[in-house]
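Chain by chain, the residues:
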Amino acid sequence: MCTGSGSDPEPSSSGWSRRARGVVVKTLVLIGGALLLKRLTKSTTRRDHARVVSRSLTGEKFTREQASRDPDNYFNIRMMSCPAAEMVDGSQILYLEQAFWRTPQKPFRQRLYMVKPCPKELKCDVEVSSYAIRDAEEYRNFCDRPKDQRPLPEEVIGDIGEHLTTIHLSCCDRGKRCLYQGSTSPGGFPNSWNGASYCTSDLAVLKNNEIHLWDRGFDENRNQVWGPKEGPYEFKPATYSSIDENLSSLNILYQSSIDIPIQGSLILQD
């Protein structure tokens, strides 16, 4: 009897241990699942959206493919952008320039872009505003220079000039190619280039950091007087093959000035 009674507790204790471990494992699984679900379902803030748009705008991009498809309406434009400063409220300031791909050292457009979350009272996610630069010559090829040869962030903020346009972006519906899209207000913004009285801008941020930009100028009778009529310029991130091809072409044909007609392209002026 003593031997029998002494051996009874062992299976009982072993069974309890297995059940306890099972309860602990299930509890951990439930907790882990709850934390993962909370992380996956956590709402993205407008500040998060602003960061995504800033990153998408940054970098070197070309319209090479579009210009190859439709050379009568689009030029091969190089767009280069990089972070330049950050405002006290967290708004990102980007320097952006555009140039013909053959003469990247001679940009025809230089701007500072301010990217920030949309105000709470507006039904949008990201606000993108463009500004002239007080001394644009000092910023030529800003992104291509070593950082110690660029204007300092406080200098950049001080050089923010005339406000030009503001675009309000919203997240695209699922199933669309774009991540964000938006435009200026219906009345656009004042503009006097080439007989215009106002201009409009449409911006779309696509996957893989592709940017579609459509700037147009209109006269007081709403007739378009500058900018592409067929659709936006499609800027795609530079690839090694496109860069090599552009550089090899540069070695053969280097232009000190561009004398081709520009009336078909908004991108040249605003």
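Residues numbered from 1 in each chain as written. Predicted model: local features only at pLDDT ≥ 70, side-chain atom pairs only at ≥ 80, totals over all residues. Heavy atoms only, no water.

1. Points about the confidence of the model for the protein
Residue-level pLDDT values for the protein average 83, and 73% of them are 70 or greater. Confidence drops under pLDDT 50 across residues 247–270; counting only partners more than four residues distant or on other chains, this segment forms 51 contacts. (pLDDT = per-residue confidence, 0-100. Contact = heavy atoms within 4.5 Å.)

2. Description of the pattern of salt bridges
For the structure shown, the criterion picks out 10 salt bridges. Among the ionic pairs, K116 bridges to E127, the shortest N-O distance being 3.7 Å. Placement of the pair is K116 in strand β4 (residues 109–117) and E127 in strand β5 (residues 126–133), with a sequence separation of 11 residues. Among the ionic contacts, a cluster of salt bridges with common partners joins E60, R78 and D144. (Salt bridge = Lys/Arg side-chain N within 4 Å of Asp/Glu carboxyl O. Helix = DSSP H or I, 4+ residues; strand = E, 2+ residues; numbered from the N terminus.)

3. With respect to the environment of I93
Tracing the sequence through the fold places I93 in strand β3 (residues 92–100). Distance from I93 to S54, taken between C-alpha atoms, is 8.8 Å for residues 39 residues apart in sequence. Excluding residues that lie within four positions of it along the chain, I93 makes contacts with C82, P83, A84, A85, M87, L112, Y113, M114, V156 and I160.

4. Re unusual backbone geometry
Most of the time, phi is negative for any residue but glycine, and the peptide bond is trans. For N194, which is not glycine, the phi dihedral falls at a positive 55 degrees. Counting through the fold element by element, N194 comes out in the loop between β8 (189–190) and β9 (198–206). When its relative accessible area of 46% is taken as the criterion, N194 is described as partly exposed. Backbone geometry at R222 places phi at a positive 70 degrees, although glycine is not the residue there. Locating R222 in the fold gives a position in the loop between β10 (211–218) and β11 (224–226). (Buried < 20%, exposed > 50% of the residue type's maximum accessible area, 1.4 Å probe, protein only.)

5. Points about the state of the cysteines
Taken as a whole and judged by the stated rule, the model has three disulfides. Between the sulfur atoms of C118 and its disulfide partner C124 the distance amounts to 2.0 Å. On the sign convention where negative is left-handed, the bridge of C118 and C124, at about -110 degrees about the S-S bond, is left-handed. Exposure class is identical for C118 and C124. Each is buried. (Disulfide = S-S within 2.5 Å.)

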